[in-house]
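# Structure assessment
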Amino acid sequence: MAFFTHHITRSLSSSVVRNAVIKNVTIIGGGQMGAGIAQVAAVSGHLVTIVDTSDSVLIKSIKGIEGSLKRVVKKKFADKPEAGQEFIQNVMKNVSTSTDAAAAVKKTDLVLEAIVENLKIKQDLFSGLDKVAPEHTIFASNTSSLPIGDIASSTNRLDRFGGLHFFNPVPMMKLVEVIGTSATGQETFNSLLSFSKALGKTPVSCKDTPGFIVNRLLVPYMMEAIRLHERGHGSKEDIDIAMKLGAGYPMGPFELLDYVGLDTAKFILDGWSAMDPGNPLFAQSEMLNKLVAEGKYGKKTGEGFYKYN
Ligand code: 3HC
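Let us look at the structure shown here. (Residues numbered from 1 in each chain as written. Predicted model: local features only at pLDDT ≥ 70, side-chain atom pairs only at ≥ 80, totals over all residues. Heavy atoms only, no water.)

## Notes on the side chain of Thr 184
Topologically, Thr 184 is positioned in the loop between strand E7 (175-180) and helix H7 (186-198). Judged by relative accessible area, which is 4%, Thr 184 ranks as buried. Polar side-chain contacts of Thr 184 include one of 2.7 Å to the backbone oxygen of Phe 161. (Helix = DSSP H or I, 4+ residues; strand = E, 2+ residues; numbered from the N terminus. Buried < 20%, exposed > 50% of the residue type's maximum accessible area, 1.4 Å probe, protein only. Polar contact = N/O pair within 3.5 Å; in protein donor to acceptor, adjacent residues only side chain to side chain.)

## As for helix H10 (residues 253-260)
Every buried residue belonging to H10 is among Pro 253, Phe 254, Leu 256, Leu 257 and Asp 258, and all of these are buried. On its buried side, H10 packs onto helix H8 (214-230), helix H9 (236-247) and helix H11 (262-275). Downstream of H10 by a residue or two, Gly 261 has a phi angle that is positive, lying close to 110°. (Contact = heavy atoms within 4.5 Å.)

## Thoughts on the sheet that holds strand E5 (residues 138-141)
Spatially, eight strands are ordered E3-E2-E1-E4-E5-E6-E7-E8 in an open sheet, and the strand pairing comes out mixed. The sheet is open, and its two borders are formed by strand E3 (95-98) and strand E8 (202-206), each paired with just one other strand. The average undirected angle you get between the axes of adjacent strands in this sheet is 25°. For E5 and strand E6 (residues 161-165), the ladder comprises three bridges, and the chain directions are parallel. Opposite Ala 140, over in E6, you have Gly 162 as the bridge partner. Along the sheet face, helix H5 (residues 119-132) touches strand E1 (24-28), strand E4 (110-113), E5 and E6 and points at about 170° away from the line of E5. (Pairing = 2+ DSSP bridges. Axes fitted to C-alpha atoms, helices over the stretch in contact; angles between N-to-C directions.)

## Topic: unusual backbone geometry
Here the amide bond leading from Asn 168 into Pro 169 is cis, since omega sits at 0°, within 30 degrees of zero. Residue placement: Pro 169 occurs in the loop between E6 and E7. One non-glycine residue with positive phi stands out, namely Phe 212, at about 50°. Here Phe 212 shows up in the loop between E8 and H8. Phe 212 gets classed as buried once you look at its relative accessible area, which sits at 5%.

## A few points about a positive patch on the surface
On the surface, a cluster of positive charge is made up of Arg 71, Lys 74, Lys 75 and Lys 299. On the secondary structure map, Lys 74 appears in helix H2 (residues 55-76). For Lys 74, a relative accessible area of 63% gives the class exposed. (Patch = residues over 30% accessible without salt bridge, like charges linked within 9 Å, V, L, I, M, F, W, Y side chains within 5 Å. Areas by Shrake-Rupley, 256 points an atom, 1.4 Å probe, with all protein chains shown as cover. Salt bridge = Lys/Arg side-chain N within 4 Å of Asp/Glu carboxyl O. Lys, Arg positive; Asp, Glu negative; His and termini not counted. Charge placed at Lys NZ, Arg CZ, Asp CG, Glu CD.)

## Describing the site of the ligand
Ser 68, Arg 71, Lys 75, His 165 and Asn 168 are the nearest of the 19 residues found near the ligand. For the ligand, an oxygen atom lies 3.0 Å from a polar atom in the side chain of Lys 74. The contact in question runs from an oxygen atom of the ligand to an N or O atom on the side chain of Asn 215, over 3.1 Å. Protein chains shield 71% of the accessible area of the ligand, which is 1000 Å² for the free molecule. Put simply, the parts of the chain that give the shell around the ligand at least two residues each are H2, H8 and H10. Considering each element in turn, the shell around the ligand owes the most residues, five residues, to H2. Along the lines of polarity and charge, the residues of the shell around the ligand split into eleven nonpolar, five polar and three charged. (Near = heavy atom within 4 Å. Nonpolar A, V, L, I, M, F, W, Y, C, P; charged D, E, K, R; others polar.)

## Here we look at the nonpolar core
Considering soluble globular proteins, one finds that nonpolar side chains tend to be buried as a cluster. Membership of the largest hydrophobic core comes to 37 residues, with the highest contact counts inside it found for Leu 110, Leu 164 and Phe 166. Setting aside anything within four residues of it in sequence, one finds Phe 166 in contact with Met 33, Ile 37, Leu 112, Asn 142, Leu 175, Val 176 and Leu 199. Counting residues in hydrophobic clusters, the runner-up holds 21 residues, among them Ile 226, Ala 265, Trp 272 and Leu 288. (Core = buried A, V, L, I, M, F, W, Y, C linked by side-chain atoms within 4.5 Å.)

Geometry only, nothing functional implied.
Set out below in structure tokens:
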């Protein structure tokens, strides 16, 4: 599996190779992640187009960005509400929306995809855009679990293809994982690093391996919390309190699972256990499977491990 091989070491500070400046950004997928990425890109002065299949999703994306900006402004411009309002208006001037991906990418420097976690759908998307996007345009995926190399293989721009993995909630989380495949050019990699810094984020350099860095550690940790609870060794409330107060985590593992989405956690785990069936870190959990089968995905559906209003 290409996922486990062909690793190359990347430098975070290579100054020899040029890097192209990214100004125009197209985000494919107006869900929570796509909208969050669009927001931080617009705040940092990039011209952003969010693309999705329906106007109703795009209206929701814009509302989500405005809602999040209001929260930012409430703190940043606490004493100057008018300046805060002006800030929001200026940021929103940098954001446009479209349902036509082919048209949107015509003048873009970066296409960043944050759509459903399905390899074939991502490959079809990029394969189509590869034919219409300018030569210099970099393609990147925000996938949390699929191999970047497998997604890139549907295009003819392997050297201009990488991963940019953001964290939820994007406006608050300071990290971006920058992923290079064995074919990603150093110039592309440097551009992705510079872009992440231009967003005000801290990038880390990752290999194209399952879960990159954060999810590779976080998902087994959250799964072990569920198994600990399944064994009857702690209530979910106590486990959450323990990890918050004893390890300084902002959320306990069950709160975080509900926040990330139990469907997402299961999807990631299923993919890894299919690739490496004997690995106990990727073992199934009956409790998780049952909640997902019942449609209890966490905060977004109103119930997961906990209930939400
Ligand atoms: N937009 C803007 N501001 C926000 C925000 C958002 N979406 N979310 C929180 N804030 C700011 C606001 O100023 C908010 O104050 P307000 O409620 O008065 O507006 C302030 O943060 C505090 O927020 P909360 O009261 O909701 O709660 P917390 O203090 O606990 O902070 C948190 C929320 C930042 C989400 C924090 O709990 C946290 O860091 N949790 C861990 C999140 C995490 O681990 N994310 C990674 C998940 S893994 C992932 O994404 C990878 C994927 O591939 C699965």
